[in-house]
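# Descriptive analysis of the structure
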Amino acid sequence: MNFQPREISEQGLQRPASYQSEIEAAEALLRTKETWSGVTAEAVARMRLQNRFKTGLDIARYTGALMRADMAAYDGDPTKYTQSLGCWHGFIAQQKLISVKKHFGTTDRRYLYLSGWMIAALRSEFGPLPDQSMHEKTSVPALIEELYTFLRQADSRELNDIFRALDAARKAGDQAKEKALIEKIDNFQTHVVPVIADIDAGFGNAEATYLLAKKMIEAGACALQIENQVSDEKQCGHQDGKVTVPHDVFLAKIRACRHAFLELGVEDGVVVTRTDSLGAGLTQQIAVSHKSGDLGDQYNSFLDCEEVTAANARNGDVIINQNGKMMRPKRLPSNLYQFRPGTGEDRCVLDCITSLQNGADLLWIETEKPHIEQIAKMVDRIRKVVPNAKLAYNNSPSFNWTLNFRWQVYDAMKEAGKDVSRYNRAELMKAEYDDTPLAQEADERIRTFQADAAKRAGIFHHLITLPTYHTAALSTDNLAREYFGEQGMLGYVKNVQRAEIRQGIACVKHQNMAGSDIGDDHKGYFAGEAALKAGGAHNTMNQFG
């Protein structure tokens, strides 16, 4: 049974058995078990096909091969970029993939992203927390496991509906439909897709990173995203106060992740290395350097230093030798050291090249705005050294996309000598500009941002970290306004249930989505005609067809 119809068998993926071969295998087994009365081969075959992935490692190996195939495809054709949306609950992940299959007929090149920010804000036992690695690190693999539990249940539910349709076709004697449904089973595409999982800065030293990476991989993660900030001073990538570590410290954590993948037999595991150097002006440590021009010396060359003489030396000075001169790095009261202003891009480029040369598979450059040429400028420099370098990029809700792109269009118009007198650059967010040519051009640039950036700036994977954090808040605000206001129950019926029915949202049958029909069919397998089922004539879900 071909759960994933792309031509990727050469990547080492084991194709599932066909429906008929699963039945035959179950029949052969049952013939040897005289006391297993009441167990039917077709029921066993169905349950096996509904539970293809037995462990998280099965998932990690499968999705890792998919992701590697996608990366190779992108190298040959940058229109084949990938996308994901962040999830903070398994149900959200499940509904995304159900929707993707419904609207596009395939899950190809659609992933999920697991955001440390959303775990901190929504899943910590401490309550809502900022994105500073203060949440329980065990909550990360727990969410990965939850995501895949819900995705596997989506497989089970959809296949169960096909099995029911198959039984109905057989009962009606419709052989053509029966054949078509068996083909549909044999060509079923799983909802299980790669998850890029945020391991923050590793939650400690390299050994701690390795231990957590193992748990994440065992839960199903095929891709780990790790950043070059200090673990105990980690900040959200779009906030101030970020502190980076020397390359040798970060490379040890990259190797820790790779060792975890290899120990567990996930050879296609993907390590995504994120650099926060563009917005990080501080470092916790001065890098170890053994000779001029080595990696430590390059890192230290960006420090904000002044030359030290006998006259200006101070008690407690830290002094380093740079090109034969005694230099004092600027040290803050926090005991952190400051980089020279304006060195962020150069540090990002060095970070990226170094990571790729030491085991990283994908890059992540955290920027302060969504600007294709800013990203491309750095990628061009990286690709002079590593030609197939490619990025995962955060299409972040921390950016004001409307304002940023209206500014870009305004500036481009002004530079081209066009009349911009009707626009006030400081007030371009106002709704009064929505229907203007400037705003329309900005919206078109936003619409094509992912495709354009994939082609120009080497972005293989586009993700939105926190989309459902915002959609949950927005939809709840709308429902609360209507339901608790004058619209009352109509606020729910008109804007939620009626919309669900008309848009074909499967979740409108919430009992079915939660597994009620699967449970009924299992009861039939186990107890036959004696089974007490929930899906009878008096089940109100029948009102939805």
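Nothing here was measured: the structure is a model prediction, and the numbers come from that model. (Residues numbered from 1 in each chain as written. Predicted model: local features only at pLDDT ≥ 70, side-chain atom pairs only at ≥ 80, totals over all residues. Heavy atoms only, no water.)

Once that is clear, we can look at the overall build of the protein chain. Check the secondary structure of the protein chain and you find 19 helices and 14 strands. Its C-alpha atoms put the protein chain at 95 × 65 × 45 Å along the principal axes. A burial count over the protein chain gives 49% of its 545 residues as buried. Expressed as a percentage of contacts within the protein chain between residues at least 6 apart in sequence, the contacts between residues at least 24 apart total 72%. (Helix = DSSP H or I, 4+ residues; strand = E, 2+ residues; numbered from the N terminus. Buried < 20%, exposed > 50% of the residue type's maximum accessible area, 1.4 Å probe, protein only. Contact = heavy atoms within 4.5 Å.)

Throughout this description, disulfide means a covalent bond between two cysteine sulfur atoms. Applying the stated criterion across every chain yields a total of zero disulfides. No disulfide involves C352; its sulfur sits 6.2 Å from the nearest other cysteine sulfur, which is in C348. Judged by relative accessible area, which is 1%, C352 ranks as buried. (Disulfide = S-S within 2.5 Å.)

This part covers the packing of helix α3 (residues 56–76) against helix α8 (residues 206–219). α8 packs onto α3 with a crossing angle of 85° between their chain directions and a minimal axis gap of 6 Å. The orientation of α3 relative to α8 falls into the category roughly perpendicular. The segment α3 lies against α8, with G56, L57 and A60 engaging I217, E218 and A219. In terms of residue class, the contact of α3 with α8 is built from four nonpolar, one polar and one charged. (Axes fitted to C-alpha atoms, helices over the stretch in contact; angles between N-to-C directions. Parallel < 35°, antiparallel > 145°, perpendicular 65-115°, else oblique. Nonpolar A, V, L, I, M, F, W, Y, C, P; charged D, E, K, R; others polar.)

Taken as a whole, this structure holds 13 aromatic pairs when the rule is applied. Ring centres of Y393 and F449 lie 6.1 Å apart, and the angle between their planes is 45°; on these two criteria the pair is classed as tilted. With Y393 in strand β13 (residues 391–394) and F449 in helix α15 (residues 449–456), this pair connects stretches of sequence that are 56 residues apart. One exposure class covers both Y393 and F449, and it is buried. Centre to centre, the rings of W401 and F449 are 5.2 Å apart; their planes meet at 85°, and the pair counts as edge-to-face. Separated by 48 residues along the polypeptide, W401 in helix α13 (residues 401–415) and F449 in helix α15 bring together distant segments of the chain. (Phe/Tyr/Trp six-rings, centres within 6.5 Å; stacked < 30°, edge-to-face > 60°.)

Peptide bonds are mostly trans, and most non-glycine residues show a negative phi. At D200, a position not held by glycine, the phi torsion is positive, near 55°. Looking at the secondary structure, you find D200 in the loop between β3 (195–198) and α8. On the basis of relative accessible area, D200 is assigned to the buried category, the value being 0%. A positive phi is found at F203, a non-glycine position, where the angle reads about 55°. By relative accessible area, F203 is classed as buried at 14%.

What follows concerns the nonpolar core. The biggest cluster of nonpolar side chains holds 48 residues, and the ones touching the most others in it are L112, L114, I144, A197, M216, I217 and L224. Mapped onto this core, the elements with two or more residues apiece are α3, α4 (90–104), β2 (110–114), α6 (139–172), β3, α8, β4 (223–227) and α9 (247–263). For this core, the element with the highest residue contribution is α9, accounting for seven residues. Ignoring any residue separated from it by four or fewer positions in sequence, one finds M216 in contact with V140, P141, I144, A197, D198, I199, A221 and L224. The next biggest cluster of nonpolar side chains, apart from the first, holds 35 residues, and it includes A376, V379, L391 and L438. (Core = buried A, V, L, I, M, F, W, Y, C linked by side-chain atoms within 4.5 Å.)

This paragraph deals with the pattern of salt bridges. Following the criterion strictly, the structure yields 28 salt bridges and no others. A salt bridge links R164 to D517, with the shortest nitrogen-to-oxygen separation between them at 3.8 Å. Here R164, found in helix α6, pairs with D517, found in helix α19 (residues 516–527); they are 353 residues apart in sequence, far enough to count as distant. (Salt bridge = Lys/Arg side-chain N within 4 Å of Asp/Glu carboxyl O.)

Turning next to the sheet that holds strand β9 (residues 320–322). One open sheet accounts for three strands, arranged β8-β10-β9; its pairing is antiparallel. Looking along the sheet, the strands with just one partner apiece sit at the ends: β8 (305–307) and β9. Shown here is a sheet whose adjacent strand axes are inclined to one another by a mean of 45°, direction ignored. By the bridge criterion, three bridges tie β9 to strand β10 (residues 325–329) in an arrangement that is antiparallel. Bridge pairing in β10 places N321 opposite M326. (Pairing = 2+ DSSP bridges.)

Residue position: D70 is located in helix α3. In terms of polar contacts, D70 uses its side chain to reach the side chain of Y111, at 2.7 Å. (Polar contact = N/O pair within 3.5 Å; in protein donor to acceptor, adjacent residues only side chain to side chain.)

The alternating pattern of β13 places L391 and Y393 and A392 and N394 on opposite faces, both of which are buried. As paired strands, β13 and strand β14 (residues 459–464) are joined by four bridges and run parallel to one another. What sits directly across from N394, in β14, is L463.

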